[in-house]
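Residues per chain, in single letters:
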Amino acid sequence: MDKDNFLEPLLTGDTETLVRETQKALEEGNGPEGVLQEGLIPAMGVVGEQFRNGEIYIPEVLLAARSMHGAMAVLKPFLVRTAGGGAGKVVIGTVKGDLHDIGKNLVVMMMEGGGYEVVDLGADVAAERFVEAVRTHKPAFVGLSALLTTTMKEMRQTLLALEKAELRKSVRVIVGGAPVTAKFAAEIGADGFAPDATSVVALMKSLG
Ligand code: B1M
């Protein structure tokens, strides 16, 4: 599979072509996780590089994000095979001040595929909203995503808020997102870190 097949439609926001390329890759026998890891995510990485280098601007990145959502909708039925949520409940969101939700949405799909019932709070979620959701839904896990170095601190705030509400011991908190590391996760006292969506379920199973 060639990531360049996905790059051009991503860069031009051509959702129709991106969806077609995604379907074609599946029809050629590539698994949905392969299409993500070897095609769509590396292509999105190039979008990020071009943005960092000033070759493209926010409107192009927004178009790419919109097209990426279209491609993810094609993959979703293949990733979310297990119904019922028998494995337990998860509350997840992208932390306050952070609007990036593509990676978090992929993580949600993988969790659902792993049999978890997911309460997705969306993006830009304040610590208090996580606390409230834990009170309401009584999940086994809380998942926090951050894509900006400036919003990583909100993960710590969320953990502190859970602690203050005396809910910290009732949940396992897992964190992830491009700038997040295992070291950072340990520093803020999270229970686990997953570098990508495909390793999330294994991490959760290992935490029990
Ligand atoms: Co923004 N952005 N962005 N952006 N954006 C990045 C993150 C950036 C690296 C681009 C760059 O400079 N090269 C940079 C961050 C720099 C930094 O802090 N280190 C950046 C910036 C600077 C910004 C703005 C500040 C730009 C501006 O306004 N000047 C702004 C901030 C807005 C805000 O959030 N307040 C901004 C805005 C945007 C858009 C809105 C235009 C758009 C987001 C649209 C959306 O998500 N709906 C956007 C996008 C698309 C990107 C890039 C290009 C792509 C992100 C993405 O979707 N990647 C990104 C560059 C890049 O990452 N290459 C960039 C694909 C996705 C599948 O990967 O999200 O990493 P990722 O998720 C992975 C893992 O991280 C992990 O699993 C996922 C799947 O494998 N994972 C978890 C994620 N969450 C997890 C949770 C877990 C476990 C694993 O457990 C709970």
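About the thresholds
Sequence order as written defines residue numbering, which begins from 1 separately in each chain. Note on the predicted model: pLDDT of at least 70 is required for a residue's local features to be given, and 80 or more for side-chain atom pairs to be given and counted; whole-chain, interface and lining totals, by contrast, use all residues. Excluding hydrogens and water, the side-chain figures rest on all heavy atoms present in the structure. In this text, near means that some heavy atom of the residue lies within 4 Å of the molecule or strand in question. N or O atoms within 3.5 Å of each other form a polar contact, as long as, within protein, one can give a hydrogen and the other can take it, and as long as residues adjacent in sequence are counted only when both atoms are side-chain atoms. Using only the protein atoms, space was sampled on a 1 Å grid; points where a 1.4 Å probe fits but cannot get out form cavities, open sets with protein on both sides within 12 Å along at least five of seven lines form pockets, and lining residues are those with an atom within 4 Å of a point. For this analysis, a molecule is said to be in a pocket or cavity if more than half of its atoms are within 2 Å of the grid points defining it. Strands here are runs of E lasting at least two residues and helices are runs of H or I lasting at least four, both read from the DSSP assignment and numbered beginning at the N terminus. Residues are grouped as follows: nonpolar covers Ala, Val, Leu, Ile, Met, Phe, Trp, Tyr, Cys and Pro; charged covers Asp, Glu, Lys and Arg; every other residue, Gly included, is treated as polar. Residue ranges for the domains trace back to a domain assignment, done automatically or taken from a database. Helix span, expected: 1.5 Å multiplied by one less than the number of residues in the helix. Accessible area is worked out with a 1.4 Å probe on protein chains only. A residue is then buried under 20% of its type maximum, exposed over 50%, and partly exposed in between. Taken from the helix axis, the directions to the C-beta atoms give the arc we talk about. Residues count as neighbours in contact if any of their non-hydrogen atoms are within 4.5 Å of one another. Every case where a carboxyl oxygen of Asp or Glu lies within 4 Å of a side-chain nitrogen of Lys or Arg is listed as a salt bridge. Buried area is a sum: the accessible area each of two parts loses on coming together, probed at 1.4 Å, counted once for each and added. Metal donors: N, O and S atoms at distances within 2.8 Å, or within 3.2 Å for Na, K and Ca, with water omitted from the atom set so that some sites may seem incomplete.

K.L.:
Summarise the site of the ligand; cite the residues concerned and give the values.
P.N.:
Residues in close proximity to the ligand total 36 residues, the closest being G97, L99, H100, D101 and S145. Between the ligand and R52 there is a distance of 3.3 Å, counted from a nitrogen atom to a side-chain nitrogen or oxygen. T149 is positioned with one of its backbone polar atoms (N or O) 3.0 Å from an oxygen atom of the ligand. Its atoms largely coinciding with the cavity grid, the ligand occupies the largest pocket. Tallying contributions element by element places helix α3 (residues 32–52) first for the shell around the ligand, with six residues. Here the shell around the ligand is composed, by residue class, of 21 nonpolar, eleven polar and four charged. Formed jointly, the shell around the ligand draws a minimum of three residues from each of two domains, domain 1 (4–83) and domain 2 (89–207).

K.L.:
So what's going on with helix α7 (residues 153–164)? Which residues, and what values?
P.N.:
Look at α7: 17 Å from first C-alpha to last across twelve residues, which is about the 16 Å you get at 1.5 Å a residue. Along α7, the residues that are buried comprise E154, M155, T158, L159, A161 and L162. The buried residues of α7 occupy an angular sector of 160° when projected down its axis, which confines them to one face. Exposed positions of α7 whose direction lies more than 90 degrees from the buried face are K153 and K164. Those residues of α7 that are buried lie in contact with α6 (127–137), β3 (141–145), β4 (172–176) and α8 (182–188). Of the residues trailing α7, E166 is marked for its positive phi of about 60°.

K.L.:
Give a description of the pattern of salt bridges that names residues and reports values.
P.N.:
Tallied over the entire structure, the rule returns five salt bridges. We note a salt bridge from D4 to K3, for which the minimum N-O separation is 3.8 Å. Owing to a relative accessible area of 42%, D4 belongs among the partly exposed residues under this scheme. The exposure class assigned to K3 is partly exposed, which follows from its relative accessible area of 30%. Note that R168 is salt-bridged to D191, the shortest N-O span being 2.9 Å.

K.L.:
Explain the domain arrangement of the chain to me, and be specific about the residues and the numbers.
P.N.:
By domain assignment, the chain separates into domain 1 (4–83) and domain 2 (89–207). On the side of domain 2, ten residues touch domain 1, which itself brings 14 residues to the contact. Taken together, the two surfaces of domain 1 and domain 2 that pack against each other cover about 1100 Å², and 73% of this comes from carbon and sulfur. Across the contact surface, domain 1 and domain 2 share three residue pairs in polar contact (both at pLDDT 80 or more). Among the secondary structure elements, those contributing two or more residues to the side of domain 1 that touches domain 2 are α3 and α4 (58–79). In terms of residues, the side of domain 1 that touches domain 2 owes the most to one element, α4, which gives six residues. Of the residues in the side of domain 1 that touches domain 2, the class split is eight nonpolar, three polar and three charged.

K.L.:
Tell me about the coordination of the cobalt atom of the ligand, residues and numbers included.
P.N.:
Protein coordination of the cobalt atom of the ligand is limited to a single donor, H100 (NE2), positioned at 2.2 Å. Take H100: it is sitting in the loop between β1 (88–94) and α5 (102–113).

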